Amino acid sequence: MIPAEKSAKLTVSISNGMSIEIRLGLREIKIGRGREADLQLPDPSVSRLHARIFRVGEQYFLSDTSKNGTFHDGKRITQLLLEGGQTFQIGPYRIHFSREELSASSADPPTVSSGVQIESSAPATSRKTHPVSSTIAFGIIGKTPVITNLIGSIQRVGTSDLPVLIEGETGSGKELVSRGIHETSRRKDRPFVVVNCGAISPELIESELFGHEKGAFTGATAQRRGAFEVAHGGTLFLDEIGELPLPLQPKLLRVLEQKEIKRVGGNETLLVDVRILAATNRNLREEVSKKTFRDDLYFRISTITLPVPPLRERREDILPLSLHFLADFGSGTDRPARELSGSAAEFLGAQDWPGNVRELRNAIQRAVVMSEEGILQAEDFCFLLNAQVSQRESPPDLSLSRWEQSEKTNILAELSRQKWNKTRTARELGIAKSTLFEKLKKYGIRLQESDR
């Protein structure tokens, strides 16, 4: 087996709903405003070719080539040796450099030490978890056949250039699937651009996708490239595509079919070479039947469909995920990594997790922070039960399924934690604000305060 090497990447948030990642390899990476840049930063304060990153041996160096300067720790730099976790600034953008272990070069996904409860006659509270083998690839962790099949599908889909629709509930790992497809594609060394269609106001999303010319609308003080231009040669991931406004859908369809765009307020036609990946937590087939999503766009983006299973349908993966999060949180602190007792493992495995892997991760993190003991017990997760009880003592709605009742509980708990601030609640749940309001209406949850 070939030894693992440390991969490196740059990550930058362009706006509230758009971010870019680019993988670093042997070739030089150009950063700038110009179309020829590998990492395009659409702001007039960024030079056409502002900086470059090159590799010497196993080290990466950042070199400034601009007039306005590149900054690190508030100081202008000419050249900088990049280390994992560093952040540097170009114009208004803070760019994060990270390094992580790549799996061995193999057609098969690697395995890592995960965990399983030890068999013992001792009480569950005194039992600890012991390592077993579990699969991890593209950040996806599990030991169930459905996860093994999903990883295999990612590897097969990545070799094509076809559009892919990733379906799954909130927090189930749809973005990890999209990154995996990009990493196994021929575009892996080009930008990976994420646009969250639910996080951008309907008035601005056309500009975010296609860019705009100076003076195209109030506030357009300079020309700006959109996601399609920034992702040229790479992959564009349209998250929460079900939130895309209906009037914009035919424009997106036209771009996908003709592979060309026009900026808002512009007349110039620009060719774009972009692979489209999309994700949704909605049933788009139902949306098509309700005429809230265009059928022609649906068929265009769903050439290949990958379903991501919810956590409650792969309960055997709850423990491996929990132990992975424990080790991950432990590596980021001065304290030793926590362990799970048998009772805690049993308790976590019995939950429905309507927020899926994201909710599990948050629960583990909270327990690690709040507990003073080295081994987490079931009672360290009692806040999950408290959240269920906090439904104002209202009886369960018999018209709801067990999962819907659990989802309602999760929403109420997060609303309570966020003091009924809907904006923060939607962000923590990982859904669009409009989706949150739909669920509030569905479950008859009355708003206690004016909308925020």
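Residues numbered from 1 in each chain as written. Predicted model: local features only at pLDDT ≥ 70, side-chain atom pairs only at ≥ 80, totals over all residues. Heavy atoms only, no water.

### Details of the packing of aromatic side chains
Enumeration according to the criterion identifies seven aromatic pairs in this entry. Directly above the aromatic system of Phe383 lies the positively charged group of Arg366, at a separation of 4.2 Å from the ring centroid. (Phe/Tyr/Trp six-rings, centres within 6.5 Å; stacked < 30°, edge-to-face > 60°. Lys NZ or Arg CZ within 6 Å of the ring centre and 35° of its normal.)

### Concerning the nonpolar core
If you look at the biggest cluster of nonpolar residues, it comprises 58 residues, and the most contacted ones within it are Leu10, Leu41, Ile53, Leu209, Phe228, Leu236 and Leu238. Ile136, Phe347, Trp353 and Val357 belong to the second largest nonpolar core, which has 27 residues in total. (Core = buried A, V, L, I, M, F, W, Y, C linked by side-chain atoms within 4.5 Å. Buried < 20%, exposed > 50% of the residue type's maximum accessible area, 1.4 Å probe, protein only.)

### With respect to the pairing of strand S9 (residues 79-82)
The side-chain alternation of S9 yields one buried face, formed by Leu80 and Leu82, and one unburied face, formed by Gln79 and Leu81. The pairing of strand S6 (residues 59-64) with S9 spans four bridges and is classified as antiparallel. Residue pairing in the sheet places Leu62 in a bridge with Leu80 of S9. (Helix = DSSP H or I, 4+ residues; strand = E, 2+ residues; numbered from the N terminus. Pairing = 2+ DSSP bridges.)

### Here's the deal with the confidence of the model for the chain
Taken over all residues, the pLDDT of the chain has a mean of 85, while the share at 70 or more is 85%. When the criterion is pLDDT under 50, residues 111-122 qualifies, and its contacts beyond four places in sequence or with other chains add up to 38 contacts. Under a pLDDT of 50 for its full length, residues 389-393 has, in the predicted model, six contacts with residues more than four places off or in other chains. (pLDDT = per-residue confidence, 0-100. Contact = heavy atoms within 4.5 Å.)

### Some details on the packing of helix H1 (residues 145-158) against helix H2 (residues 174-183)
The N-to-C vectors of H1 and H2 enclose an angle of 40°; their axes lie 7 Å apart at closest approach. The angle between the axes of H1 and H2 places the two elements in the oblique class. Handedness of the H1/H2 crossing: right-handed. For the pair formed by H1 and H2, the contact residues are Leu150, Ile154, Val157 and Gly158 on the first element and Val177, Gly180 and Ile181 on the second. Its residues placed into classes, the contact of H1 with H2 shows five nonpolar, two polar and no charged. (Axes fitted to C-alpha atoms, helices over the stretch in contact; angles between N-to-C directions. Parallel < 35°, antiparallel > 145°, perpendicular 65-115°, else oblique. Left-handed = near helix turned anticlockwise from the far one by under 90°. Nonpolar A, V, L, I, M, F, W, Y, C, P; charged D, E, K, R; others polar.)

### Re the environment of Phe299
Looking at the secondary structure, you find Phe299 in helix H7 (residues 295-301). Sequence separation of Phe299 and Arg285 is 14 residues, and the distance between their C-alpha atoms is 9.8 Å.

### Considerations on the pattern of salt bridges
Following the criterion strictly, the structure yields 30 salt bridges and no others. For Lys251, the salt bridge is made with Glu206, and the minimal N-O distance between the two is 3.0 Å. Here the residue Lys251 occupies a position in helix H5 (residues 249-258), and Glu206 occupies one in helix H3 (residues 205-210), the gap between them amounting to 45 residues. Residue Glu206 is classed as partly exposed on the basis of its relative accessible area, which comes to 24%. For Asp317, the salt bridge identified is with Arg314, shortest N-O distance 3.0 Å. With a relative accessible area of 4%, Arg314 lands in the buried category. One connected set of salt bridges, linked through shared partners, spans Arg35, Glu213, Arg225, Glu229 and Arg263. (Salt bridge = Lys/Arg side-chain N within 4 Å of Asp/Glu carboxyl O.)

### With respect to the sheet that holds S9
The mixed open sheet is built from five strands, whose spatial order is S4-S3-S5-S6-S9. If you trace the sheet from one side to the other, it starts and ends with strand S4 (39-40) and S9, each paired once. Pairing analysis gives three bridges linking strand S3 (residues 29-32) to strand S5 (residues 51-56), with the strands arranged antiparallel. By the bridge assignment for S5, Ile31 is matched with Ala51.

### Things to note about the side chain of Asp239
As for its placement among the helices and strands, Asp239 is situated in strand S19 (residues 235-239). One buried charged side chain, Asp239, makes no salt bridge at all; its nearest oppositely charged neighbour is Lys174, positioned 5.5 Å away. (Lys, Arg positive; Asp, Glu negative; His and termini not counted.)

### Let's talk about helix H10 (residues 356-370)
Along its 15 residues, H10 runs 21 Å from first to last C-alpha, staying within 8% of the 21 Å computed at 1.5 Å per residue. For H10, the complete set of buried residues consists of Asn356, Val357, Glu359, Leu360, Ala363, Ile364, Ala367 and Val368. (Expected span 1.5 Å × (residues − 1).)

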